[in-house]
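Structural overview
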Amino acid sequence: MLFLATTILAAALYSASANAEQKEVTVWSWFVQSTMEKSIAAFEKAHPDIKVKYTYYNYSPEYITALKAAAASGSLPDVIGLQPGSLTQQYRENLEAVNDRAAKQWGDKWADKVFPVNRKQMLMGNPKGDENYYIIPQESQVLCIWYNRKIFEKLNLSPPKTYADLKAAAKALTDGGYIPMFQGAADGWQNENVFLMLANQFSPGIVDKAQAGEKPWTAPELVAAMKAWKGLFDDGIFQQGALGAHAYPTGAQLFAQGKVGMMALGSWWMQESKFPPPLSEYVQNMEGFDFFYLPPVKDGNSASPPVGGIDIGYGLTKNGSKNPGAWTFLAELTNGVGLQEALNDLNDLPAFDGNAPKGDITDHVKEMSARFMADLPKAENQRFASPAVAEALDNALAGVAAGSTEPEAALAVVQAATEKALAAK
């Protein structure tokens, strides 16, 4: 009896000691909570000495606001979700360069396994001569226009191939009681995405040239793209009240419920089919959805080319650099057991070549995913290097859409912001 009591006591002391030694890693992101929980569970199973505490935010404005406040007070968590370019650069002084850690983790040639557009974006906005990586990509994305194929079939519609087709589809959807194309125009990111689709129709790669100072923002092609952006509001492509609407959660919920005909999103929309039930008839196995690229708004133009790159990546904060478990988690989340769980949930496309989803995936989803993966290597860059330039473009898009600013004047402000940003590098 004494031996049993001693054994129980020893086990209890060992358990208490193990818990006391368990390291905690804090993570903030807008990454889908249900998927992140699966990634964390897989990580903690592989690393039982590390406990991960995750805080989820809606991206805009909650996450952006929380990051600003925490950075100002020096209280950022160990690991933060990031988009490349402007968002990473906004917090670069709060981040640890991860080149050496990544080389030790995956070998000196590790970056060669990252898709080219992603690799380019990982350095976007760095000061001249700074070849450090402050973000490790977890997933890639390709932007597109998703449509509800069941609603289209009901209304005898086909995916639009011309702008006239797009206007006709929007009118038919509106007349049928549906929102035509939901635009969360209160969100800068969704406005940027649509503008990039338009700009690349007039001149592929022109936005990259403009933000690098190689082409003025007031170039005729970009003015034409800005006028086309206004046309999407004036021609009834976007819903009434779009300027005050948010893509998430409002637009996504309406789209999933079958109340919206089209929406400018990206390859990440496939994840909806892996959310916890109950799922709508449209979301179940993605049966209700397919995608196309924005048709040419001007006769003679081509449809929008694939645009994309890094969907989400993660940075190791200066606070996290003092916590050995933080890098361990970041590495597994972006190219290890945590990533695999995200891919299995169809959260998006991999950022590192050689990874792919596993498990129960329908032929329809496999076919769409294969189309995205074929387009990813030729995708135009989606991101902005300078936070000031991205903010100026967001303001320009909002002003033009509202009719308070003319396209030429709005783009002249973006040009001024670009010149200032380039001079400061």
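What counts, and where the lines are drawn
Residues numbered from 1 in each chain as written. Predicted model: local features only at pLDDT ≥ 70, side-chain atom pairs only at ≥ 80, totals over all residues. Heavy atoms only, no water. UniProt positions renumbered as here; feature names shortened; annotations may be inferred. Phe/Tyr/Trp six-rings, centres within 6.5 Å; stacked < 30°, edge-to-face > 60°. Helix = DSSP H or I, 4+ residues; strand = E, 2+ residues; numbered from the N terminus. Buried < 20%, exposed > 50% of the residue type's maximum accessible area, 1.4 Å probe, protein only. 1 Å grid on protein atoms, 1.4 Å probe; cavity = no way out; pocket = protein on both sides within 12 Å on 5 of 7 lines; lining within 4 Å. Points joined across faces, edges and corners; volume = space filled by probe spheres on them. Nonpolar A, V, L, I, M, F, W, Y, C, P; charged D, E, K, R; others polar. Axes fitted to C-alpha atoms, helices over the stretch in contact; angles between N-to-C directions. Parallel < 35°, antiparallel > 145°, perpendicular 65-115°, else oblique. Left-handed = near helix turned anticlockwise from the far one by under 90°. Contact = heavy atoms within 4.5 Å. Core = buried A, V, L, I, M, F, W, Y, C linked by side-chain atoms within 4.5 Å. pLDDT = per-residue confidence, 0-100. Pairing = 2+ DSSP bridges.

As annotated in an unreviewed UniProt entry, the protein chain carries the name Raffinose/stachyose/melibiose transport system substrate-binding protein and comes from Mesorhizobium shonense. Under the heading Subcellular location (unreviewed entry), UniProt records this for the protein chain: "Periplasm". According to the UniProt record, the Sequence similarities (unreviewed entry) comment for the protein chain is "Belongs to the bacterial solute-binding protein 1 family."

**Remarks on the packing of aromatic side chains**
Scanning the model with the defined rule gives 25 aromatic pairs in all. Judged by centre distance (4.8 Å) and plane angle (75°), the rings of tryptophan 30 and tyrosine 59 are edge-to-face. Here the residue tryptophan 30 occupies a position in the loop between strand S1 (23-29) and helix H2 (33-46), and tyrosine 59 occupies one in helix H3 (residues 59-73), the gap between them amounting to 29 residues. Each member of the pair, tryptophan 30 together with tyrosine 59, is buried. Centre to centre, the rings of tryptophan 229 and phenylalanine 233 are 5.0 Å apart; their planes meet at 80°, and the pair counts as edge-to-face. In this pair, tryptophan 229 and phenylalanine 233 both sit in helix H11 (residues 220-234), four residues apart, roughly one turn of the helix. Given the relative accessible area of 0%, tryptophan 229 is considered buried. The structure contains a cluster of three or more aromatic residues connected by ring pairs, namely Trp28, Trp30, Tyr57, Tyr59 and Tyr63.

**Section: empty space enclosed by the protein**
If you roll a probe as big as a water molecule over the atoms, it shows you where there is empty space left. For the coordinates displayed, the defined rule picks out one cavity of 30 Å³ or more. One number sums up the size of the largest cavity: a volume of about 30 Å³. Taken together, Leu196, Asn200, Gly205, Ile206, Val207, Asp208, Glu380 and Asn381 form the lining of the largest cavity. At the level of elements, helix H9 (188-202), helix H10 (206-211) and strand S10 (380-381) are the ones that each hand at least two residues to the lining of the largest cavity. The element contributing the most residues to the lining of the largest cavity is H10, with three residues. Residues that form the lining of the largest cavity fall into these classes: three nonpolar, three polar and two charged.

**Observations regarding the packing of H2 against helix H13 (residues 324-335)**
Running from N to C, H2 and H13 cross one another at 120°; their axes reach a closest spacing of 10 Å. In terms of orientation, H2 and H13 fall into the oblique class. Both H2 and H13 take part in a crossing whose hand is right-handed. On the side of H2, the interface is formed by Met36, Ser39, Ile40 and Phe43, while H13 contributes Thr328, Phe329, Glu332 and Leu333.

**Some details on the nonpolar core**
Where a protein is soluble and globular, its nonpolar side chains tend to be buried together. One finds Trp110, Trp146, Phe195, Trp217 and Trp229 to be the most contacted residues of the largest nonpolar core, which totals 134 residues. Non-local contacts of tryptophan 229, meaning those with residues more than four positions away in its chain, are made with Gln183, Asn191, Val194, Leu198, Phe238, Leu397, Val400 and Ala401.

**Remarks on the confidence of the model for the protein chain**
Here the protein chain shows a mean pLDDT of 93. Residues at 70 or above account for 95%. Low confidence marks residues 1-20, where pLDDT is under 50. Its contacts with residues over four positions away, or in another chain, come to zero contacts.

**Here we look at the environment of phenylalanine 195**
Mapping phenylalanine 195 onto the fold places it in helix H9. By relative accessible area, phenylalanine 195 is classed as buried at 0%. Distance from phenylalanine 195 to methionine 226, taken between C-alpha atoms, is 7.3 Å for residues 31 residues apart in sequence. The contacts of phenylalanine 195, once residues within four sequence positions are left out, are Val207, Trp217, Leu222, Ala225, Met226, Leu393 and Leu397.

**Let's talk about the pairing of strand S8 (residues 307-316)**
By the criterion of burial, S8 is predominantly enclosed, with 10 of the 10 residues buried. Sheet topology places strand S3 (residues 79-82) next to S8; four bridges connect them, and they run antiparallel. Paired with leucine 82 across the bridge in S8 is glycine 313. One ladder, built from two bridges, connects S8 with S10; its direction is parallel. Residue valine 307 lies in a different strand from S10, and its bridge partner there is glutamate 380.

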